[in-house]
Structure formats: structure tokens, C-alpha cells
Amino acid sequence: RILGISNQPSCGFREYHGLGQPGITLLGNRSWSDSIGFQLGFVHELAHQIHFKVEEEHPEFDEKWGMIKGGYAWEYGMTDRMEDVATVVEEAMNHFINGQDLRQIKPIDGNYEAFHQKLRLLKEYGFFPEALRVP
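Residues numbered from 1 in each chain as written. Predicted model: local features only at pLDDT ≥ 70, side-chain atom pairs only at ≥ 80, totals over all residues. Heavy atoms only, no water.

What to know about the nonpolar core
Okay, step 1: Counting 24 residues, the largest nonpolar core has Phe61, Val89, Leu122, Phe127 and Phe128 as the members making the most contacts within it.
Okay, step 2: For this core, the secondary structure elements donating two or more residues are helix 1 (35-57), helix 2 (60-66), helix 3 (81-97) and helix 4 (112-124).
Okay, step 3: Top contributing element to this core by residue count: helix 3, with six residues.
Okay, step 4: Beyond its immediate chain neighbours, meaning those up to four positions away, Phe61 contacts His51, Val54, Val85, Leu121, Leu122, Tyr125 and Phe127. (Core = buried A, V, L, I, M, F, W, Y, C linked by side-chain atoms within 4.5 Å. Buried < 20%, exposed > 50% of the residue type's maximum accessible area, 1.4 Å probe, protein only. Helix = DSSP H or I, 4+ residues; strand = E, 2+ residues; numbered from the N terminus. Contact = heavy atoms within 4.5 Å.)

Re helix 4
Okay, step 1: For helix 4, built from 13 residues, the straight-helix expectation of 18 Å at 1.5 Å per residue is met to within 8% by its first-to-last C-alpha distance of 18 Å.
Okay, step 2: Buried residues along helix 4 sit in contact with helix 2 and helix 3.
Okay, step 3: The first or second residue beyond helix 4 is Gly126, which carries a positive phi of 80 degrees. (Expected span 1.5 Å × (residues − 1).)

A short note on helix 3
Okay, step 1: The first and last C-alpha atoms of helix 3 sit 24 Å apart over 17 residues, in line with the 24 Å expected at 1.5 Å per residue.
Okay, step 2: In terms of residue burial, helix 3 counts as a mostly covered element, since 14 of its 17 residues are buried.
Okay, step 3: Measuring from the side-chain oxygen of the N-cap residue of helix 3 to the backbone nitrogen of Met82 gives 3.1 Å; that N-cap residue is Asp80.
Okay, step 4: Downstream of helix 3 by one or two residues, Gly99 has phi in the positive range, about 70 degrees. (Polar contact = N/O pair within 3.5 Å; in protein donor to acceptor, adjacent residues only side chain to side chain.)

Interpretation note: all reported values are geometric properties and have no functional meaning in isolation.
Structure representation (C-alpha cells):
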């Protein structure tokens, strides 16, 4: 369900209380000024929605994620677990959409092993399409 206009400068996600389920907000973020930015913004926000569903059905996911130290796709992902998950999904999907090997992704902290562990965990819990292969 896509709703509203973001008033948040960083992440477009905002939960709309009283509507029965969270919404995805995609407008108002300066980095989404082109179609690729919008597409990746959508992937980022969709990752949040998938994460909520996974948390409900598989509470162990967050514990497993927390055991992986490092492997950040972007500095913004270091702010909290939710943004870490969303930025890793966004970066992986960006490479997948562009036909690039996920091994080309350079985590900002240089921790490739942790990054690949995160990719495998995301794949295991259904964050990625079946066609996306993880290292």
C-alpha cells in the first residue's frame, strides 16, 4: 500500500497509524529525482515492508542479523538495523537490476564476509527474487 508524502529527509518510510498496515511513502526525497533513484527508493522502502513481515513470522531473523558484525552497504545503514537491512537490499537489487555481479559491491567498512553473510540471510528469508544469486 503506497500512501502519502514524506516529511522525512533521509528515508521515505513512514508508518500511518490507524490504517491497518504501514504504508510506503515515496515522494519528497531529493535523491529520487530521476527514474533510477525512484526505482531504488521503492526497493528500499519495499525492503522495510518485507522486513516487518519477516519480523512477524520469523522473529529469529533480527537476532541472526545482529550476530553479523559489519558489512554495511552505505553509511546510512549504520544508523540502525532497519536501515542496514534496507540499504543492503537496495544495493544488491541495484546490482541485480543492472546485471552486475553482487561480488562487485564494496561494503563501506570493507567487511566482505559480513556483507555476504547478510546477503545470504536476506536470500534465505525471501527478501530477494529467486533469480538473484548471492555469493
